[in-house]
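Structural overview for review
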Amino acid sequence: MDAPVLDVKGLKTHFFTDEGEIPAVNNVDFHVNRGEVLGIVGESGCGKSVTSLSVMGLVPKPPGKIVGGEILYHGEDLTKASDKRMRQIRGNDIAMIFQEPMTSLNPVYKIGNQLIEAIRLHNAWDKKKARQRAIEIMKLVGLPRADELMESYPHQLSGGMRQRVMIAMAMVCEPEVLIADEPTTALDVTIQAQILDLMKRLNKETDTSIIMITHDLGVVAEMCERIVVMYAGKVIEEASVATIFKEPKHPYTVGLIQSVPDMRSKKDRLYSIPGTVPKPGSIKTGCQFAPRCEHAFDRCFSETPELENQEDGSRVRCWLHNS
């Protein structure tokens, strides 16, 4: 087995606020292999997006800061990389599709100018060659009339087209790792399917590793090979897609899957996990999920479980499965 392209070990990202130190990402471990599609799932506020921003070196400073752990890209620890080195890596080797394309694109610059700038930032190309590459990548992501769209402003495009532009911008330098943060949120189902098909095609054709951050288990089932489930800033389960959907181990993962509507069965009410995600750092001892868990017992409230390997190759942070 080749070494992972990206290996995150014990990552801790904290925010320093007037209310004190908030551990948004608390000791997170995961890795991505070459050409693999990894899903990171969990409710809003579980630390998924902060994890991705940490990898990109884009955590706002202040108030955020990586206070521990390693982010190894081919063995190079990005937490120790200089700003100049991160600018070389960002976009060129590791790229990101952000959650909301309207706020990610500059509203006063034409689409073409923004794509050309992204290309020339990493390549010593003249404007003509960069423009040709921009048109080429726009066609690759399925945008019609690429020449005309180069002269358009973001507000003149639909949500689906803007999202395709964001994917084009992320893919334009052929990165080795692509982080997609909720890439299909707020898009209609038809456009959503097209975007996912596009990302699958890019993954197959360019062997790009993809980290898919989402709360949509349908997207995960469609796209991913392996899933990392996060809760309250920690990884609580990691397994293959088949294992997660067939035999989920952590009660939180079970709850997430039960919350998905099933067309094959008629129910008066959809299942929802009771309670809400705790504020990061508010639970000092015991399992973070214990207050919401129907299987919780005394040990769950007094001792914090570790993420332990299971016989089937999965990893789980739960006293029901850990010795």
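Since the model is a prediction, treat every value here as computed from it, not as a measurement.

**Observations regarding the overall build of the protein**
Scanning the protein for helices and strands turns up 12 helices and 12 strands. The C-alpha radius of gyration of the protein comes to 21 Å, within 12% of the 20 Å expected for a compact globule of 323 residues. Within the protein, buried positions represent 50% of all 323 residues. Look at the contacts in the protein between residues 6 or more apart in sequence, and 62% of them connect residues 24 or more apart. With the model as given, the accessible surface of the protein reaches about 16100 Å², and the carbon-plus-sulfur share is 50%. Across the protein, the centroid of the 39 positively charged side chains sits 5 Å from that of the 43 negatively charged ones.

**Digging into helix α7 (residues 159-171)**
Helical geometry: 3.6 residues make up each α-helical turn, so side chains three or four residues apart lie on a common side. For α7, with 13 residues, the first-to-last C-alpha span of 18 Å sits near the 18 Å given by 1.5 Å per residue. With 12 of 13 residues buried, α7 lies mostly within the body of the structure. Restricting attention to buried positions, one finds in α7 the residues Gly160, Met161, Arg162, Gln163, Arg164, Val165, Met166, Ile167, Ala168, Met169, Ala170 and Met171.

**Structural notes on the packing of helix α4 (residues 111-122) against helix α5 (residues 127-140)**
In the contact formed by α4 and α5, the axes pass within 9 Å of each other and the chain directions differ by 110°. In terms of orientation, α4 and α5 fall into the roughly perpendicular class. Where α4 crosses over α5, the two elements pack in a sense that is right-handed. Of the residues in α5, those touching α4 at Ile111, Leu115, Ile116, Ile119 and Arg120 are Lys127, Ala130, Arg131, Arg133, Ala134, Ile137 and Met138. Taken together, the residues of the contact of α4 with α5 sort by class into eight nonpolar, no polar and four charged.

Conventions we followed
Per chain, residue numbering runs from 1 following the sequence as it is written. It should be noted that, the model being predicted, local features are given only for residues of pLDDT at least 70 and side-chain atom pairs only at 80 or more, the latter also being counted only at that level, while totals for whole chains, interfaces and linings use all residues. Working from all heavy atoms in the structure, the side-chain values ignore hydrogens and water. Strands here mean DSSP runs of E at least two residues long; helices mean DSSP runs of H or I at least four residues long; both are numbered from the N terminus. C-alpha atoms define the radius of gyration, and 2.2 Å times the number of residues to the power 0.38 defines the globule rule. Exposure categories follow from relative accessible area, calculated using a 1.4 Å probe and restricted to protein chains: below 20% of the type maximum is buried, above 50% is exposed, and the middle band is partly exposed. Here a residue-residue contact requires only that any non-hydrogen atoms of the pair lie within 4.5 Å. Note on areas: Shrake-Rupley, 1.4 Å probe, and residue coverage restricted to the protein chains presented here. Residues scored as positive are Lys and Arg, those scored as negative are Asp and Glu, and His as well as the terminal groups of each chain are ignored. Where a charge lies is defined by one atom per residue type: Lys uses NZ, Arg uses CZ, Asp uses CG and Glu uses CD. Helix span, expected: 1.5 Å multiplied by one less than the number of residues in the helix. Angular values range over 0 to 180 degrees, each being the angle between N-to-C directions of two axes fitted as lines to C-alpha atoms, with helices fitted over their stretch in contact. Every angle not falling under 35 degrees, over 145, or within 65 to 115 is termed oblique; those three ranges are roughly parallel, roughly antiparallel and roughly perpendicular. The crossing is said to be left-handed when, going from far helix to near helix, the turn is anticlockwise and less than a right angle, and right-handed when the turn is clockwise. Gly is placed with the polar residues, together with every amino acid not listed as nonpolar (Ala, Val, Leu, Ile, Met, Phe, Trp, Tyr, Cys and Pro) or charged (Asp, Glu, Lys and Arg).

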